Amino acid sequence: MSENKVTTDSGIEIKETYTSADFKKADESKAGEFPFTRGVQSSMYRGKLWTMRQYAGFSTAAESNKRYHYLLNQGVSGLSVAFDLPTQIGYDSDHPLADGEVGKVGVAIDSLEDMEKLFEGINLESVSTSMTINATGFILLAFYVALAKKQGANLNNISGTIQNDILKEYAARGTYIYPPKPSMRIITDIFEWCSKALPKWNTISISGYHIREAGSTAVQEIAFTLSNGKAYVQAAQQKGLDINVFGKRLSFFFNAHNNLFEEVAKFRAARRMWAKMMKELGATDEKAMMLRFHTQTGGSTLTAQQPMNNVSRVTIQTLAAVLGGTQSLHTNGYDEALSLPTEEAAKIALRTQQIVAFESGTADTVDPLAGSYFVESLTDEVEAEAWKLIEAIDAMGGSVEAIESGFMQEEIARSAYQYQKDIEQETKIIVGVNKFKTADNEKIPGFKIDDSIQKMQTDQLNSLKQKRNNDAAQASLSKLAAVVKTTENLMPVVLECVENYCTLGEIADVLRNEFGEYR
C-alpha cells in the first residue's frame, strides 16, 4: 500500500475527502420500507433494543445451566448455546472420535436428558434461544421442541433460531456430516415443518460470521452469505414452499470487525441487496424481503497479546453492529483468544452492550450515519463489489456448485493470505502484535475444562440406555431409516426418536448409513 493510498479491509480505496458528488444519491427510503437500507423497523431501537445475547456453553449441561442463570440475572435478553465438536458432527460423548473434545468448545448434548438439564429452571416460552448448530441442527431443534412439550409450552410461542447453515460449513468451517444435496433436503424439511409446528422459530441463520472468521473480506462475507441464502430459498421453492411464508423466518448472522465505517456500510448494503434479491425470486410480502440479522463481534480480531486491548476492539465492533442496525448481538470476552470466556470477561462483554445501549446515544435515532458522504459512498461501493462476486457465483450455477468447485474456499484463502502478509509487512497494524509490543504480556487466568467430563457423559449415556424403553427407541430409529428413503418430511419421526430418548449419535448414524459422509 503506497503512502498516499488508503483502503478498507476489502481493498476499497478511501479518498481523503468526500462530498455529495461521490455517491449516486442518499437512500431517501425510511427504515421499515423497501429496500430497508436504513433498517427493518421504522423506529429501530427507539421501539425495541436489539436482543442482547451472550454465547455460552461448556462442559456439561448442568454447568452451562449455571452460566445461563447467571447471564439472565445480569440482564441478557436471549440465550445463545455453544455446542462441543462431537455434538456438532453427530457423535455421542462415548464415541472414539469424541476423545479429548467432550465439553471443550461448547456443551456436550447427547440426548433429551441433557437438554432437560441444560434448561432446568428456564421457561422456554419466556426466553429466545439461539443455537449455533448446523449438521445436527435438526436433532437439537427436536430436543428443544420435545423439552418445550414436556414443560407444557404452547409451541406457537416458542421463539429462537437454529443456525442450520450447512453451505458455509463446506466453504469455511468444516463441521459438516452429509453431502450437500441431502443436507439441503434436511434444511428444507426444517423450513416446511417449522412453518406449521413452530411459527415463531427462525429456521436458519445464514451465516457470514464463519466465512469472515476463515479470512474473507467484508465484501466476500456478504456476497457469499447472500448467495448461500439464495440457494436455500431456491431449494425451498423447488420443494413447493411459499417464499412469502418461509421468507419471514430466514435470518442472518454477520461478523463485526474493527473497520467501523466499512462494517456499517456492509450491514446497510446487505439489507438493500437481500431485499432486491428476494423481490427478484418472487417475494411480494415486504416482510419476506427484510434481512434480519444477529451479529457477533470478531473472534479472529482478538489477540492473545495484551488481551485487555480486546475490550476496546469489542466496543468498536459493538458500535459498528448497532450503527449498522443489528437485531441481536453477542459481544466476545476479552480473554477468548486464550480460552473460553471467564465469568468476569462475559460480564464485561455484556456491560459493553448495555453501555452502548443506555449511555452512548447511539440508539436514540434511526441509522445515525445516513447521509454521511463517506458512509453513503462506501455503502454503494461495498454493494457494487459484492454484486460482482454474486454474479460470478450465479454464472457457475449457484452456491452449491461454487462450493463444490472450490471457488469460495479459494477466494477466502487468498484474502486470508493477503491479510496475514499485510500484518507481517506492517502495512496492517495490529496494536500489541506487530506494533506497540511489550516484553511482559499480562497474565490472564484462563477458563479450563476438566477432562473428567467425558467419563461423566459416558456414564450418563450408559445409564440412559439401561433405563429407557429400548424397544420403543429401536422402533423409532427403524422408522426413521425407512422415512429417510422416501421424500417424506424427516422432522416428525426425528422428534419421535428424541422423545423415546434415542441419542444424537444414534439418530445421526441412521442418516449416515443412507446419505454417506462428505469427504
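Residues numbered from 1 in each chain as written. Predicted model: local features only at pLDDT ≥ 70, side-chain atom pairs only at ≥ 80, totals over all residues. Heavy atoms only, no water.

Trainee: Hey, could you run me through the side chain of Ser 80 in this one?
Mentor: Tracing the sequence through the fold places Ser 80 in strand β4 (residues 78–82). Assessed through its relative accessible area of 3%, Ser 80 is described here as buried. Dropping the residues within four chain positions of it, Ser 80 is found in contact with Arg 53, Gln 54, Tyr 55, Ala 56, Tyr 68, Ser 130 and Thr 132. (Helix = DSSP H or I, 4+ residues; strand = E, 2+ residues; numbered from the N terminus. Buried < 20%, exposed > 50% of the residue type's maximum accessible area, 1.4 Å probe, protein only. Contact = heavy atoms within 4.5 Å.)

Trainee: Looking at this model, I keep getting lost on the sheet that holds strand β10 (residues 293–297). Mind explaining?
Mentor: Backbone-to-backbone hydrogen bonds join strands into a sheet, with any given pair of strands oriented parallel or antiparallel. Across the sheet, 9 strands lie side by side as β7-β6-β5-β4-β3-β11-β10-β9-β8; this open sheet has parallel pairing. With partners counted over all chains shown, the strands left at the sheet margins are β7 (201–202) and β8 (204–207), one partner each. By the bridge criterion, 3 bridges tie strand β3 (residues 51–56) to strand β11 (residues 328–330) in an arrangement that is parallel. If you follow Thr 51 over to β11, its bridge partner there is Ser 328. Sheet strands in contact with helix α11 (residues 309–323) are β9 (250–256), β10 and β11, and its direction is about 165° off that of β10. (Pairing = 2+ DSSP bridges. Axes fitted to C-alpha atoms, helices over the stretch in contact; angles between N-to-C directions.)

Trainee: Mind showing me how you'd approach the pairing of β9 here?
Mentor: Regular strands place their side chains on alternate faces of the sheet. The element β9 is extensively covered by neighbouring structure, given that 7 of its 7 residues are classed as buried. Taking every second residue as pointing to the same face, both faces of β9 are buried, with Leu 250, Phe 252, Phe 254 and Ala 256 on one and Ser 251, Phe 253 and Asn 255 on the other. As paired strands, β8 and β9 are joined by 4 bridges and run parallel to one another. In the strand pairing of β9, Ser 207 is matched with Phe 253. Both β9 and β10 contribute to a ladder of 5 bridges, which runs parallel. Across the sheet, Asn 255 pairs through a bridge with Gln 296, a residue of β10. Regarding the hand of the β-α-β motif, the stretch spanning β9, helix α10 (residues 260–280) and β10 is right-handed. (Right-handed = clockwise from strand over helix to strand, strands pointing away.)

Trainee: Explanation requested: α10 in the structure shown.
Mentor: Along an α-helix, residues three or four positions apart point the same way, because every turn accommodates 3.6 residues. Counted at 1.5 Å a residue, the expected span for α10 with its 21 residues is 30 Å, and the 31 Å between its end C-alpha atoms agrees. In terms of burial, α10 is a largely internal element, 16 of the 21 residues being buried. Of the residues one or two after α10, Gly 282 is the one with positive phi, at around 115°. (Expected span 1.5 Å × (residues − 1).)

Trainee: Before we go on, may I ask you to explain the packing of helix α17 (residues 470–484) against helix α18 (residues 491–499) in this structure?
Mentor: Each packed pair of helices is defined by two parameters, the angle between the axes and the distance between the axes. Where α17 meets α18, the axes come as close as 9 Å, and the angle between the chain directions of the two elements is 165°. One finds that α17 runs roughly antiparallel with respect to α18. As for how α17 packs across α18, the hand of that crossing is left-handed. The segment α17 lies against α18, with Ser 476, Leu 477, Lys 479, Leu 480 and Val 483 engaging Val 493, Val 494, Glu 496 and Cys 497. When grouped by side-chain class, the residues that make up the contact of α17 with α18 number 6 nonpolar, 1 polar and 2 charged. (Parallel < 35°, antiparallel > 145°, perpendicular 65-115°, else oblique. Left-handed = near helix turned anticlockwise from the far one by under 90°. Nonpolar A, V, L, I, M, F, W, Y, C, P; charged D, E, K, R; others polar.)

Trainee: Help me out: how do you make sense of α18 in this one?
Mentor: Residues of α18 that are buried include every one of Met 491, Val 493, Val 494, Leu 495, Cys 497 and Val 498, and no others. Summarising the contacts, the buried residues of α18 are in contact with α3 (112–118), α4 (137–150), α6 (180–197), α17 and α19 (504–515).

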